[in-house]
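# Coordinate analysis (summary)
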Amino acid sequence: MLFYGKYEHSLDSKYRLRIPSRLREELLRDELRPSKENPFCIAKNEDGSLVILPASTIKKIGERIQDIGVPREKRKKLMVYLSNVYPIDEDAQGRFTLNANLREHAGIKKDVIFVGDCDRIVMWDKTRWEEYESSCSDDIGLEEYGI
């Protein structure tokens, strides 16, 4: 699975929107077919954006946590993070509602930018994305990765 590209969408009056079709098609190619039992999810990202994670990524996170165990002192942080992960429940038209908690975190009022970020999709408020994008240098340094 590889997510790439930048797509602009807008929330409707009921705070609903669709994942852009190219990105959604890639989500549906996930090895763990999305379903009610294995949904793709949306969560807060540390940089003021939101992240959409494929069902298989959510499963891997859960398995990794169980495998390594979580020390008691880190359990609180993990609990707070997981409390802000929400399954994406699409309606018959493929729309999902962006809840107030997530909208507030990301500063999203109307216009949204979806950005493919390799193994995940990142959602930004359009203005925040433009500020973030302009703060990045043109030289992304792919040479250090052999690309």
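The rules we used
Residues numbered from 1 in each chain as written. Predicted model: local features only at pLDDT ≥ 70, side-chain atom pairs only at ≥ 80, totals over all residues. Heavy atoms only, no water. Helix = DSSP H or I, 4+ residues; strand = E, 2+ residues; numbered from the N terminus. Buried < 20%, exposed > 50% of the residue type's maximum accessible area, 1.4 Å probe, protein only. Polar contact = N/O pair within 3.5 Å; in protein donor to acceptor, adjacent residues only side chain to side chain. Contact = heavy atoms within 4.5 Å. Salt bridge = Lys/Arg side-chain N within 4 Å of Asp/Glu carboxyl O. Pairing = 2+ DSSP bridges. Axes fitted to C-alpha atoms, helices over the stretch in contact; angles between N-to-C directions.

Mapped onto the elements, N84 comes out in the loop between α3 (72-82) and β5 (85-87). A relative accessible area of 13% means that N84 is categorised as buried. A polar side-chain atom of N84 sits 3.4 Å from a polar atom in the side chain of S83. If near-sequence neighbours (up to four positions away) are discounted, N84 is found in contact with I42, A43, K44, N101 and L102.

What follows covers the pattern of salt bridges. All told, the structure shown has 7 salt bridges when counted by the stated rule. Among the salt bridges present, the one from R16 reaches D12, with a minimum N-O distance of 2.8 Å. With a relative accessible area of 24%, D12 lands in the partly exposed category.

Let us look at the sheet that holds β5. Spatial ordering of the open sheet is given by β1-β7-β8-β4-β3-β5, a layout of 6 strands whose pairing is antiparallel. The outermost strands of the open sheet, each flanked by one partner alone, are β1 (6-10) and β5. Mean inter-strand twist for the sheet, computed between neighbouring axes without regard to direction, equals 25°. Relative to strand β8 (residues 120-125), strand β7 (residues 111-117) is paired through 6 bridges, and the arrangement is antiparallel. Of the residues in β8, the one forming a bridge with G116 is I121. In the packing of helix α5 (residues 126-135) onto the sheet, the strands contacted are β1, β7 and β8, and the crossing angle to β8 comes to about 105°.

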